[in-house]
Amino acid sequence: MLSLPALPPAAAAPAMNPRGAAILQSLCEVTAERTRRAAQPALGERVAAIKAYQHARFERSYADLLASPRYAAAARFFLNDLYGPADFTRRDDQFARIVPALVRLFSADVVATVASVASLHALSEQLDSLMAQATLASGAFTANPPDHVAYAAAWRAVGQPAERQQQIALMLGVGRALDGFTRKPLLRQSLRMMRGAAQLAGLGTLHEFIVAGFETFRAMGGADDFLLTVSQRESELAARLFAGGAVA
């Protein structure tokens, strides 16, 4: 079983709001993964292949939700904005520079949600690196598109069942938080009013991300069924892979 790498200490964490320190710690972990991949091009290329595979798998697993008038936007938000193959370096760099302003300008529940997003991002990056290492060690995963059996074998080589469950829990937690925001009438207005201040403070990209998530879940009109579907499908997939099965 592969282990998660040792993590660097959070920069500038002392004398900071605990939520802000947690966000910085997560961003430090993401930066450490990017630095390692930059130093090992083969690892970086394999991580990109892993991400592309997982993105395509999500599209297959949730084809019905992506085609649904009610759930398509939320499924696309999960697919592209919450956990996707896109390069989030710009967003992460912005977050790291303005964490004190983030904590000052946004409400505590919004900051807590951003901390969960950052934690999910860090954990996903670490697990993707471990998956890439496993495929490099075995010589598998060379096909394009990658082979389902090789992906499942790498999943079992990495192990980390608790971390996989945490990954699902964080994703669902962010979804529940966004859904909860839609039941706070003043939040939408305050987010709109904050746009100018957020841009001046260097928080424009973060503000857009939060507004996009808020509006997506607001338009859905209740996220319980959507989140239950995601929870069941992701948990069933993890159980099947750990039991020796392959990606459906």
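Structure shown above.
The structure displayed is predicted, hence computed values, not measured ones.

Undergrad: I tried to follow empty space enclosed by the protein on my own but got confused; where do I start?
TA: To find the voids left in a structure, one rolls a probe of water-molecule size over its atoms. For the coordinates displayed, the defined rule picks out 3 cavities of 30 Å³ or more. Taken as a whole, the second largest cavity holds about 60 Å³ of empty space. Val110, Thr113, Val114, Val117, Val174, Leu178, Phe181, Phe209 and Ile210 together form the lining of the second largest cavity. Of all elements in the fold, only α7 (108-138), α9 (161-181) and α12 (204-220) reach the threshold of two or more residues within the lining of the second largest cavity. With 4 residues, the single largest contributor to the lining of the second largest cavity is α7.

Undergrad: Where do I start with the pattern of salt bridges in this structure?
TA: Where charged atoms of side chains with opposite charge meet at close range, the side chains can pair. Inspection of the entire model under this criterion finds 10 salt bridges. As a salt-bridge pair, Lys51 and Glu125 come within 2.8 Å of each other at their nearest N and O atoms. Residue Lys51 is located in helix α2 (residues 41-61), and its partner Glu125 is located in helix α7; the two are separated by 74 residues in the primary sequence. Of the two residues, Lys51 and Glu125, neither departs from the other in class, the shared state being buried. For Arg76, the salt bridge is made with Glu59, and the minimal N-O distance between the two is 3.4 Å. One end of the pair, Arg76, is in helix α4 (residues 72-82); the other, Glu59, is in helix α2, and 17 residues separate them in sequence. For Arg76, a relative accessible area of 34% puts it in the partly exposed group.

Undergrad: It is not clear to me how the side chain of Asp179 should be interpreted in this structure. Could you clarify?
TA: Relative to the assigned elements, Asp179 resides in helix α9. Setting aside residues up to four positions removed in sequence, Asp179 forms contacts with Phe217, Gly222, Ala223 and Asp224.

Undergrad: Looking at this structure, how should I read the nonpolar core?
TA: Side chains that are nonpolar tend, in soluble globular proteins, to be buried together. In this structure, Ile23, Phe78, Leu82, Tyr151, Phe217 and Phe226 are the most contacted members of the largest nonpolar core, which totals 61 residues. Element by element, the count of residues in this core is highest for α7, at 13 residues. Among residues more than four places away in sequence, those in contact with Phe217 are Phe77, Phe78, Gly175, Leu178, Asp179, Thr182, Gly222, Ala223 and Phe226.

Undergrad: What should I look at first to understand unusual backbone geometry in this one?
TA: Negative phi characterises most residues that are not glycine, and trans characterises most peptide bonds. Phi angles above zero are rare outside glycine, and Gln160 is one such case at about 60°. Topologically, Gln160 is positioned in the loop between α8 (148-158) and α9.

Undergrad: Explain the packing of helix α1 (residues 18-39) against α7 to me, please; I cannot follow it from the model alone.
TA: Relative placement of two packed helices is described by the angle separating their axes and the distance separating the axes. Where α1 contacts α7, the two axes come as close as 9 Å, and the packing angle between them is 25°. In terms of axis orientation, α1 runs roughly parallel to α7. Along this stretch, α1 crosses α7, giving a crossing that reads as left-handed. The residue makeup of the contact of α1 with α7, split by class, is 8 nonpolar, 6 polar and 8 charged.

Undergrad: How do you make sense of the packing of aromatic side chains when you look at a structure like this?
TA: Two numbers describe a pair of aromatic rings. These are the distance of the centres and the angle of the planes. Considering all chains together, one arrives at 8 aromatic pairs under this definition. Seen in terms of ring centroids, Phe78 and Phe217 are 6.2 Å apart; in terms of plane orientation they differ by 35°. Their pairing is tilted. Placement of the pair is Phe78 in helix α4 and Phe217 in helix α12, with a sequence separation of 139 residues. Judged on exposure class, the residue Phe78 and its partner Phe217 are both buried. Chaining the aromatic ring pairs together yields one cluster made of Tyr53, Tyr151, Trp155 and Phe242. If you follow Arg60 out to its NZ or CZ, it ends over the ring of Tyr53, 6.0 Å from the centre.

Undergrad: Looking at this structure, I do not really get α1. What am I missing?
TA: Helical periodicity: at 3.6 residues per turn, an α-helix aligns residues three or four positions apart in one direction. The end-to-end C-alpha distance of α1 is 32 Å, a good match for the 32 Å that 22 residues give at a rise of 1.5 Å each. Those residues of α1 not exposed but buried are Gly20, Ala21, Ile23, Leu24, Gln25, Ser26, Leu27, Cys28, Glu29, Val30, Glu33 and Arg37.

Conventions used here
- Residues numbered from 1 in each chain as written.
- Predicted model: local features only at pLDDT ≥ 70, side-chain atom pairs only at ≥ 80, totals over all residues.
- Heavy atoms only, no water.
- 1 Å grid on protein atoms, 1.4 Å probe; cavity = no way out; pocket = protein on both sides within 12 Å on 5 of 7 lines; lining within 4 Å.
- Points joined across faces, edges and corners; volume = space filled by probe spheres on them.
- Helix = DSSP H or I, 4+ residues; strand = E, 2+ residues; numbered from the N terminus.
- Salt bridge = Lys/Arg side-chain N within 4 Å of Asp/Glu carboxyl O.
- Buried < 20%, exposed > 50% of the residue type's maximum accessible area, 1.4 Å probe, protein only.
- Contact = heavy atoms within 4.5 Å.
- Core = buried A, V, L, I, M, F, W, Y, C linked by side-chain atoms within 4.5 Å.
- Axes fitted to C-alpha atoms, helices over the stretch in contact; angles between N-to-C directions.
- Parallel < 35°, antiparallel > 145°, perpendicular 65-115°, else oblique.
- Left-handed = near helix turned anticlockwise from the far one by under 90°.
- Nonpolar A, V, L, I, M, F, W, Y, C, P; charged D, E, K, R; others polar.
- Phe/Tyr/Trp six-rings, centres within 6.5 Å; stacked < 30°, edge-to-face > 60°.
- Lys NZ or Arg CZ within 6 Å of the ring centre and 35° of its normal.
- Expected span 1.5 Å × (residues − 1).

Nothing here speaks to function; it is all geometry.
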